[in-house]
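Descriptive structure summary
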Amino acid sequence: MKYLTPLAQEGRPLFFSHRGASSLAPENSIAAFSLARDLGSPGIELDIHRCASGELVVFHDDSLDRIAGVSGLISASPLDYLKTLDIGSWMDKKFCAERIPTLREVFQTLGDSVYYDIEIKSRTKERTGIEKQLSDLISEFGLDSRVCVCSFNPFPLVYLKEIRSDIATGILWSKVKELPYILRFGIGAFISNCDFLKPDHRYMGGLNILRLGMGRKHAIIPWTVDDPAIARRLIDSGCSGIVTNRIQDMKGLF
């Protein structure tokens, strides 16, 4: 197993709750993150965008439709408006008070009780400034040794490394059609010069990792693994960690 600096946990793999304990509470909510921590999850995975008023907010989709039930884009919506939206009732009425959190609020809530896998949501090659904002927040909360950062887009990872070479970065990939063809096989690792790989766990072999030789020099943290037997097999094969929706089923593996 390759240990991922600075998150190296000697003797155990890294386990991240995907968007928090998202099989039990609304994804990317304070409730889901808090529950993941309370279940003993060593780490959490979350997604960040910059909203129209400039704050870093924690939300997966570009649009509000699926989770908040209203039309509109995160990037075009100010925080004051986003804070009026119910992001919990789609799952269960008992979560009706859940609101889109800022990254600052997540750090304030969890602090250094977990480690963080933060995915930058970006569709541009241009510098947006999100990398500097993220770096500043990490430093403000003293979480430099508790955070790694990933993206499907290699360019934000390049820009982050220019600012903070000490923060581990990872490239995500899958075969989904929304992803540009050239990035569906992990090629973004070469563009970003990243520290770890985050493949869809269904595409671990062949061209994706082995023939490119990337698995020999990079830590590998596949997503999203919800079967404990598959998780154990991946860890036993040398993966550095796992991203899972079902941290409650992974007891004994971390």
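Our structure is the block above this text.
**Thoughts on the environment of Glu45**
Within the element layout of this structure, Glu45 appears in strand 2 (residues 43-50). Sequence-wise, Glu45 and Gly20 are 25 residues apart; in three dimensions their C-alpha atoms are separated by 6.4 Å.

**Quick look at the pairing of strand 2**
Summarising burial for strand 2: seven of the eight residues are buried, a large majority. Pairing of strand 1 (residues 14-18) with strand 2 involves three bridges; the strand directions are parallel. Each bridged residue has a counterpart across the sheet, and for Ser17 the counterpart in strand 2 is Ile44. Taken together, strand 1, helix 1 (residues 30-38) and strand 2 form a β-α-β motif whose crossover is right-handed.

**Notes on the pattern of salt bridges**
All told, the structure shown has 18 salt bridges when counted by the stated rule. Here Arg19 and Glu27 are joined by a salt bridge, their closest N and O atoms 3.1 Å apart. Here Arg19 matches Glu27 in class, with each residue buried. Its salt-bridge partner being Arg37, residue Asp38 comes within 3.2 Å of it at the nearest N-O pair. Residue classification places Asp38 among the exposed residues on the basis of a relative accessible area of 56%.

**Let's talk about the packing of aromatic side chains**
Following the criterion strictly, the structure yields six aromatic pairs and no others. Both rings, one in Phe107 and one in Tyr116, keep their centres 5.0 Å apart while their planes meet at 75 degrees; by these two values the pair is edge-to-face. Considering the side-chain rings of Phe152 and Trp223, the 6.1 Å spacing of their centres and the 85 degrees angle between planes classify their relative orientation as edge-to-face. Taken together, the residues span a long stretch of sequence, with Phe152 in the loop between strand 5 (147-151) and helix 6 (154-163) and Trp223 in the loop between strand 8 (219-220) and helix 8 (228-236) at a distance of 71 residues.

**Considering helix 4 (residues 103-110)**
Regarding helix 4, the residues found buried are Leu103, Val106, Phe107 and Leu110. When helix 4 is viewed along its axis, its buried side chains cluster within an angular range of 95 degrees and face the same direction. Taken from the residues just after helix 4, Gly111 is the one with a positive phi, measuring 50 degrees.

**Focus: the packing of helix 5 (residues 130-140) against helix 6**
As a packed pair, helix 5 and helix 6 sit with axes 9 Å apart at the nearest point and diverge in direction by 50 degrees. As the angle between them shows, helix 5 and helix 6 are arranged oblique. When the axes of helix 5 and helix 6 are compared, the crossing they make is right-handed. Within the contact between the two elements, helix 5 uses Glu131, Lys132 and Ser135 and helix 6 uses Pro156, Tyr159, Leu160 and Ile163. Classifying every residue of the contact of helix 5 with helix 6 gives four nonpolar, one polar and two charged.

Reading the values: the criteria
Per-chain numbering applies: the sequence of each chain, read as written, is numbered from 1 onward. Confidence filtering applies because this is a predicted model: local features only for residues at pLDDT of at least 70, side-chain atom pairs given and counted only at 80 or more, and all residues used for totals across whole chains, interfaces and linings. As a rule here, side-chain values come from all non-hydrogen atoms in the structure, and water together with hydrogens is ignored. Numbering goes from the N terminus for both helices and strands, where a helix is a DSSP run of H or I of at least four residues and a strand is a run of E of at least two. Relative accessibility thresholds used throughout: buried, under 20% of the residue-type maximum; exposed, over 50%; partly exposed, between the two (1.4 Å probe, protein chains only). Being paired, for any two strands, means DSSP has found at least two bridges between them. When the strands point away from the viewer and the path from the first strand over the helix to the second turns clockwise, the crossover is right-handed. The rule for a salt bridge is simple: a side-chain nitrogen of Lys or Arg has to be within 4 Å of a carboxyl oxygen of Asp or Glu. Think of it this way: a Phe, Tyr or Trp ring, Trp meaning its six-membered ring, pairs with another when their centres are within 6.5 Å, and the plane angle makes it stacked under 30 degrees, edge-to-face over 60, tilted otherwise. In this context, the arc is that of the directions from the helix axis out to the C-beta atoms. Each axis is a line fitted through C-alpha atoms, taken for helices only over the stretch in contact, and angles between the N-to-C directions span 0 to 180 degrees. In what follows, roughly perpendicular refers to angles from 65 to 115 degrees, roughly parallel to angles under 35, roughly antiparallel to angles over 145, and oblique to any angle outside these ranges. Should the near helix be turned anticlockwise from the far one by less than a right angle, the crossing is left-handed, and should it be turned clockwise, the crossing is right-handed. Contact between two residues is taken to exist if any of their heavy atoms lie within 4.5 Å; hydrogens are not considered. Each residue is assigned to one class: nonpolar for Ala, Val, Leu, Ile, Met, Phe, Trp, Tyr, Cys and Pro, charged for Asp, Glu, Lys and Arg, and polar for all the others, Gly among them.

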